[in-house]
Amino acid sequence: MNKSVEPALGSNADEALIPKAPYLSQEFLQLEKTRLWSKVWLMACRESDVAQPGNYVVFNVADESIVVMRDVADGVLRAFFNICQHRGRRLLSGQGSVNKLVCKYHGWRWNTDGTNDEIIDQADWGGTLSKDDVALKPLKLDTWGGWVFVHMDADHPQSLQDWLAPVVHAFRNYRFEEFSPVWMRSVTLPCNWKVALDVFIEGYHAQTAHRQFNPVSGDNRWTAVAHGVHSMFHSRVIPVLGDPSPNIKALQGLPEDESLFLDAKDRAQKIHTYFMLLNRDTGALFTERKVRAMARLANELPTDASYMDTLLAMDRLHREEGKKDGLNWDQFTLEDVGAVGLDWNIFPNIAFLPQEDGALVYRARPNGNDPDSCVFDIYSLERFAPGKAPKPQVEVIRDWRDTSWPRVFVQDFENLNEIQQGMKSQAFTVGRANPIAELTNINLHYHVRRYVLGGEN
Ligand code: FES
Ligand SMILES: [Fe+2]
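Basis of the calculations
Residues numbered from 1 in each chain as written. Chains lettered and ligands numbered in written order. Predicted model: local features only at pLDDT ≥ 70, side-chain atom pairs only at ≥ 80, totals over all residues. Buried ≥ 20, exposed ≤ 12 C-beta atoms within 10 Å, placed from the backbone. Helix = DSSP H or I, 4+ residues; strand = E, 2+ residues; numbered from the N terminus. Pairing = 2+ DSSP bridges. Domains from an automatic or database assignment. Contact = placed C-beta atoms within 7 Å. Nonpolar A, V, L, I, M, F, W, Y, C, P; charged D, E, K, R; others polar. Core = buried A, V, L, I, M, F, W, Y, C linked by C-beta atoms within 7 Å. Axes fitted to C-alpha atoms, helices over the stretch in contact; angles between N-to-C directions. Expected span 1.5 Å × (residues − 1).

Glancing now at the pairing of strand S15 (residues 343-346). Here S15 shows a buried face lined by Asp-343 and Asn-345 and a second buried face lined by Trp-344 and Ile-346. One ladder, built from three bridges, connects S15 with strand S16 (residues 350-354); its direction is antiparallel. In the sheet register, Asn-345 faces S16, and the bridge partner there is Ala-351. Hairpin geometry of S15 and S16 is characterised by an intervening segment of three residues between the two adjacent antiparallel strands.

Structural data, given as structure tokens:
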């Protein structure tokens, strides 16, 4: 494997070449454990998942198992390796609530602050084994925007705020803590974690994989910006919503959806149709509230309105519909909408898609020691007035075909196994990422290689 440090990212098109070994190689997966996952802040769960004393969430990445837990005594949130200090059994799984952590092998027991509560037959050690010797091993923990992050190195010097600095800045008026999960699904996918994440941090595939939107998505070409290890993509220009994509010449929309657009007479009606379709096909992100606002746009916008007036009316009507539901996001200005863009890669394994009142968050994790498999977590969140958030639907799905998904997910998931297997062919030597639209992917892979191969640590 190439051990040299890669040059800094610039305009050199060669840097857009993405080697295939990091997706496929067992050796690379093993190196990721010690050089990547152990060296970065990792998003573990939502604070609301562990709101009450005794609540816990287990978070596995490759071979590691981590438990985030709110102490029953002092209410402090802490994280520990989820590992019994007797013979190594994992202590908890999934999520739930406990007063003590009890190992199911020989019954050793811990308090929810990680201190040991009981060693069965401790006297047998003749005074050589103390409870202090077997406290659970702590991780560093911090929170931002309602998210809980952990770091496997309990003494890691960089704060979460520093690590996330460009994200914290761009999202400063978003108030992510006002969002609550509506549904959360963890699904095992037949590909490397980087293949799954790749799909969800660029928009270049939308014209083909999600071509139902082409008749009205406007100029949907994309550009991206790297912010150190993190990156973000957004539209290259303000898309002229309601117009066909420039790629419509090569790629029509889906025939079964054509009738949807026949009834739409003017731009405002087409925009309404577009958001209905986005809402239906993602089941997340584009809220019912936004669709209601776009229905008003179709009814209320003067037919001679300029395109800029149309965009301003879309924003105004959406905020008005929010206020009817007790929501006010006026601090999140149109300038902020531009700053958060469409989709962030939070290094290494997270994607944030922030809309005004809906958000999708993805997390990709290696599944044990299998480079051909990953666990993909999807949080669909919405902004709620205080006390109005519903209890989220939480599902763990072994195979993505085991349940029904909104169409956008099916369209993306259908590609994953074909990508993972296709890359193994002798006919495929290197990925050729779009140097503009897929800069997010280029940046991700550059920094993964830097951590894993570049002697960063
Ligand atoms: S392995 Fe946990 S008590 Fe023995
Ligand atoms: Fe997609």
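Here the domain parsing of the protein yields domain 1 (1-39 + 164-268 + 326-457) and domain 2 (42-160). Taken over C-alpha atoms, the centre of domain 1 sits 31 Å from the centre of domain 2. Of the residues lining the interface, 18 residues belong to domain 1; the matching set on domain 2 comes to 14 residues. Listing elements by their share of the side of domain 1 that touches domain 2, those giving two or more residues are helix H2 (26-35), strand S12 (179-189) and strand S17 (358-367). Class assignment for the residues of the side of domain 1 that touches domain 2 results in 10 nonpolar, three polar and five charged.

Core analysis: the largest hydrophobic core is formed by 113 residues, its most contacted members being Ala-44, Val-68, Ala-196 and Ala-351. The biggest single contributor to this core is helix H13 (residues 439-453), with eight residues. Each of two domains, domain 1 (1-39 + 164-268 + 326-457) and domain 2 (42-160), supplies a minimum of three residues to this core. In this structure Ala-196 touches Leu-189, Cys-191, Ala-364, Cys-374, Phe-376 and Leu-416, once residues within four positions along its chain are discounted.

Looking at the element boundaries, Phe-409 is found in helix H12 (residues 407-422). Linking Phe-409 and Lys-131, residues 278 residues apart in sequence, is a C-alpha distance of 48 Å.

Moving on to the sheet that holds strand S11 (residues 147-151). Reading across the sheet, the seven strands line up as S2-S11-S10-S5-S4-S3-S6 and stay open at both edges, with antiparallel pairing between neighbours. With one partner strand each, in any of the chains shown, strand S2 (42-46) and strand S6 (95-97) form the two edges of the open sheet. Within the sheet, the average angular offset between the axes of one strand and its neighbour, ignoring direction, is 30°. Alignment of S2 against S11, held across four bridges, turns out to be antiparallel. Note on S11: the bridge partner recorded for Arg-46 is Trp-147.

Moving on, we come to H12. Here H12 contains 16 residues, and its C-alpha end-to-end distance of 23 Å stays within 8% of the 22 Å for a straight helix at 1.5 Å per residue. For H12, every residue scored as buried is listed here: Val-408, Phe-409, Gln-411, Leu-416 and Gln-420. Elements in contact with the buried residues of H12: S12, helix H5 (193-199), helix H6 (206-209), helix H8 (267-282) and strand S18 (370-383).

Taken together, the eight strands give an open sheet; going across it, the order is S13-S14-S15-S16-S17-S18-S12-S19, and neighbouring strands pair in mixed fashion. Each edge of the open sheet carries a strand with a single partner, namely strand S13 (222-227) and strand S19 (393-397). Strand-to-strand twist in this sheet, taken as the mean axis angle between neighbours without regard to direction, amounts to 15°.

Right, let's get into the pairing of strand S4 (residues 64-70). On a regular strand, each side chain points to the face opposite its neighbour's, so the side chains alternate between the two faces of the sheet. Among the seven residues that make up S4, five are buried, leaving the element largely enclosed by the rest of the structure. Alignment of strand S3 (residues 55-61) against S4, held across six bridges, turns out to be antiparallel. Each residue of the ladder has a partner; that of Phe-59, found in S4, is Ile-66. Looking at chain direction, S4 and strand S5 (residues 77-81) are connected through five bridges and run antiparallel. Among the inter-strand pairings, Val-68 is bridged to a residue of S5, identified as Ala-79. Here S4 folds back onto S5, and the loop between the two strands holds six residues, one of which, Gly-75, carries a positive phi near 70°.

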